[in-house]
Amino acid sequence: MKKVFVKSYGCQMNVYDAERMTDLLATEGYSETKAMEEADLVILNTCHIREKAADKVYSELGRVRELKEEREAQGRETKIVVAGCVAQAEGKEILRRQTAVDVVVGPQNYHHLPDLLKRSKAERLVDTEFPIEDKFDHLPALQKSRIQSRGVTAFLTIQEGCDKFCTFCVVPYTRGAEVSRPVARILDEAMRLADAGVRELTLIGQNVNAYHGEGPDGSSWTLGRLLRRLAEVPGIARLRYMTSHPRDMDDELILAHGDLPALMPYLHLPVQSGSDRILDAMNRKHTSDEYRRLIERIRKRQPDLALSSDFIVGFPGETDAEFEETMRLVADVGFAMSFTFKYSPRPGTPAAELATQVSEEVKSMRLARLQNLLETQRQAFNHGTVGQTLDVLLEKPGRHPGQIAGKSPYLQPVQFESDAHQIGEIVTVRIVRAGSNSLFAELIGTGDKVAA
Ligand code: SAH
Ligand code: SF4
Ligand code: F3S
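Residues numbered from 1 in each chain as written. Chains lettered and ligands numbered in written order. Predicted model: local features only at pLDDT ≥ 70, side-chain atom pairs only at ≥ 80, totals over all residues. Heavy atoms only, no water.

Looking at an unreviewed UniProt entry, one finds the chain named tRNA-2-methylthio-N(6)-dimethylallyladenosine synthase, with Microvirga alba as its source organism. Within the UniProt record for the chain, the comment given under Sequence similarities (unreviewed entry) is "Belongs to the methylthiotransferase family. MiaB subfamily." (UniProt positions renumbered as here; feature names shortened; annotations may be inferred.)

Shown next, in the form of structure tokens:
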């Protein structure tokens, strides 16, 4: 049997795509391996979001090339495929920079992989034209054994692409225009996942709350409506969604928070900056006060909501005072978790052309201060759950024998002692201690049994 090794960089969408690629290649006789040196096919599923992410691909390709040469000396062939967002953004430039690469395939074209691999015997190929057909129509249906090997939580792509064109961001160019999958296809996938033991679904999309898929009745469904329907799927106990844009938090979605017990009290809602002038220059199309008011409204519905966000420091032209506005917003709102980035100029994006680039030194100083504040908030949030009674979805064995590990509703890793419980169960625990990265708990009851 031939073996495929896939390495993914970047966001959850790439994780999902990597699973779909290996599912597709399984129908072509490839089994998945976690050891690159034994792979007949190496796929790098790449990310273009920041310069560092994109650069990593070329250093990794250098390593893969050596491997290909070593295997060749032993008479074994290795195909190298570059997929994902760098593939889309750089196309044949990748073939030019790294001659060991056989195929470059974009995120909307990977259903062509079997054909590309066959044709690559004769020539090196690039497939990055956005296709007319929908790749999901050409991917194999999820198989029970393959789902089970991936655990009790799963990502499900419901929307892809972005029409927002934030001035710093490559995603609209690498993933293409916003497309929502039809409700029936999503439900079918959700039921297959649930049937194989999945208990928690994270609906994913570059702009997941802009979802507007076709419903069974022909009308357009919002994310709020879709969540209500998915909450009825037997076996699914938890729902999450990411990544959302503040402008697309409509009333139906806000109502779902608090109304739907399955919808977890955790929301990743990137704000990027606390300065109205910077938000405008980023083309985010909302003010910092609008964000504050939005959070207030959602918290009214779901008071224990844990909030997470992305922040960019050192966007072109950002002054000290404007950075302080970001610090103030963080202090006012309070985040349980966050991701912080130094602005990275990306080829082809409007912000990269601005003459007012901020120095690395200033970016580093701002990043350190912001991270400090957010880390204090994260620790405070975790310590705040000590003494609380929380449900935990058991996902895997714990670090030590006799321990089992799972996640709280707020996405915090939780460990406790147990040999009587199974992966996939949801149990009620009391949090007794907060470590730096996970919570420690004692068992007080079983919330529910795994659906038969
Ligand atoms: N669609 C999502 C996020 C996509 S990218 C949204 O609208 O929020 C994930 C995060 O990467 C972004 O939220 C942003 O904080 C960061 N990011 C994107 N482009 C960047 C760039 N050029 N430099 C630094 N960070 C960037
Ligand atoms: Fe990028 Fe903005 Fe689209 Fe998010 S909303 S993917 S940051 S362009
Ligand atoms: Fe990266 Fe593409 Fe995701 S650029 S963050 S892999 S959409």
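Below, the discussion takes up the overall build of the chain. Counting its secondary structure elements, the chain contains 14 helices and 21 strands. The globule rule puts the C-alpha radius of gyration for 452 residues at 22 Å, and the 23 Å found for the chain is close to it. Along the longest, intermediate and shortest principal axes, the C-alpha atoms of the chain span 60 × 60 × 50 Å. Looking at the chain residue by residue over its 452 residues, the buried ones come to 54%. (Helix = DSSP H or I, 4+ residues; strand = E, 2+ residues; numbered from the N terminus. Rg over C-alpha atoms; globule rule 2.2 N^0.38 Å. Buried < 20%, exposed > 50% of the residue type's maximum accessible area, 1.4 Å probe, protein only.)

Residues annotated in UniProt with the feature "domain: MTTase N-terminal" (unreviewed entry) correspond here to residues 2–122. For residues 2–122, helix accounts for 48% and strand for 20%, while the C-alpha atoms at its two ends are 19 Å apart.

For Lys56, the position within the fold is in helix 2 (residues 51–73). For the pair formed by Lys56 and Val86, sequence separation is 30 residues and the distance between their alpha carbons is 10 Å.

What follows concerns the layout of surface pockets. Looking at the second largest pocket, its volume works out to about 390 Å³. As for the second largest pocket, its lining consists of 13 residues, and the residues nearest its centre are Glu19, Thr22, Glu32, Lys34 and Arg150. Of all the secondary-structure elements, those providing two or more residues to the lining of the second largest pocket are strand 1 (2–8), helix 1 (12–26) and helix 6 (144–148). Ranked by residues supplied to the lining of the second largest pocket, first place goes to helix 1 with four residues. For the lining of the second largest pocket, the two domains that each supply at least three residues are domain 1 (2–127) and domain 2 (135–384). (1 Å grid on protein atoms, 1.4 Å probe; cavity = no way out; pocket = protein on both sides within 12 Å on 5 of 7 lines; lining within 4 Å. Points joined across faces, edges and corners; volume = space filled by probe spheres on them. Domains from an automatic or database assignment.)

By nearness alone, every residue bordering ligand 2 is listed as Cys162, Lys164, Phe165, Cys166, Phe168, Cys169, Val171, Pro172, Asn207, His245 and Arg284. Among the residues making up the shell around ligand 2, the classes are represented as seven nonpolar, two polar and two charged. (Near = heavy atom within 4 Å. Nonpolar A, V, L, I, M, F, W, Y, C, P; charged D, E, K, R; others polar.)

Let us look at the nonpolar core. Core analysis: the biggest nonpolar cluster contains 53 residues, and Leu203, Leu223 and Tyr241 have the highest contact counts within it. Ranked by residues supplied to this core, first place goes to helix 8 (residues 183–195) with six residues. Ignoring anything within four residues of it in the chain, the contact list for Tyr241 reads Thr202, Leu203, Val208, Leu223, Leu227, Met249, Leu253, His257, Leu263 and Leu267. One finds Ala18, Leu24, Ala83 and Leu113 within the second-largest nonpolar core, a separate group that totals 24 residues. (Core = buried A, V, L, I, M, F, W, Y, C linked by side-chain atoms within 4.5 Å. Contact = heavy atoms within 4.5 Å.)

Contact pair helix 9 (residues 223–230) / helix 10 (residues 251–259): the axes reach a minimum separation of 7 Å and the direction vectors enclose 30°. One finds that helix 9 runs roughly parallel with respect to helix 10. Contacts from Leu223, Gly224, Arg225, Leu227 and Arg228 of helix 9 reach helix 10 at Glu252, Leu253, Leu255, Ala256 and Asp259. Residues of the contact of helix 9 with helix 10, tallied by class, amount to five nonpolar, one polar and four charged. (Axes fitted to C-alpha atoms, helices over the stretch in contact; angles between N-to-C directions. Parallel < 35°, antiparallel > 145°, perpendicular 65-115°, else oblique.)

This part is about the packing of aromatic side chains. What the rule picks out here adds up to four aromatic pairs. With a centroid separation of 5.5 Å and an interplanar angle of 65°, the aromatic rings of Phe315 and Tyr343 are classed as edge-to-face. Taken together, the residues span a long stretch of sequence, with Phe315 in the loop between strand 15 (306–313) and helix 13 (320–333) and Tyr343 in the loop between strand 16 (337–342) and helix 14 (360–384) at a distance of 28 residues. For Tyr343, a relative accessible area of 3% translates into the label buried. A ring pair is formed by Phe381 and Tyr410, whose centres lie 5.5 Å apart and whose planes are at 90°; its orientation type is edge-to-face. A residue pair is termed long-range when its members are at least 10 positions apart, and Phe381 in helix 14 and Tyr410 in the loop between strand 18 (403–407) and strand 19 (413–417) qualify at 29 residues. Given a relative accessible area of 22%, Phe381 falls into the partly exposed group. Directly above the aromatic system of Tyr58 lies the positively charged group of Arg97, at a separation of 3.6 Å from the ring centroid. (Phe/Tyr/Trp six-rings, centres within 6.5 Å; stacked < 30°, edge-to-face > 60°. Lys NZ or Arg CZ within 6 Å of the ring centre and 35° of its normal.)

A few words on the site of ligand 3. As a matter of local geometry, ligand 3 sits amid Cys11, Asn14, Thr46, Cys47, His48, Ile49, Cys85, Arg175 and Gln206. In the shell around ligand 3, the residues fall into four nonpolar, four polar and one charged.

What follows covers helix 12 (residues 288–301). In a regular helix each residue adds 1.5 Å, so 14 residues correspond to 20 Å; helix 12 covers 21 Å between its end C-alpha atoms and thus fits that length. For helix 12, every residue scored as buried is listed here: Ser288, Tyr291, Arg292, Leu294, Ile295 and Ile298. The buried side chains of helix 12 occupy one side of the element, clustering within an arc of 160° when seen end-on. Set apart from the buried face of helix 12 by more than 90 degrees, the exposed residues are Arg293, Glu296 and Lys300. Looking at the buried side of helix 12, the elements it contacts are helix 10, strand 14 (266–268), helix 11 (276–281), strand 15 and helix 13. (Expected span 1.5 Å × (residues − 1). Arc of directions from axis to C-beta.)

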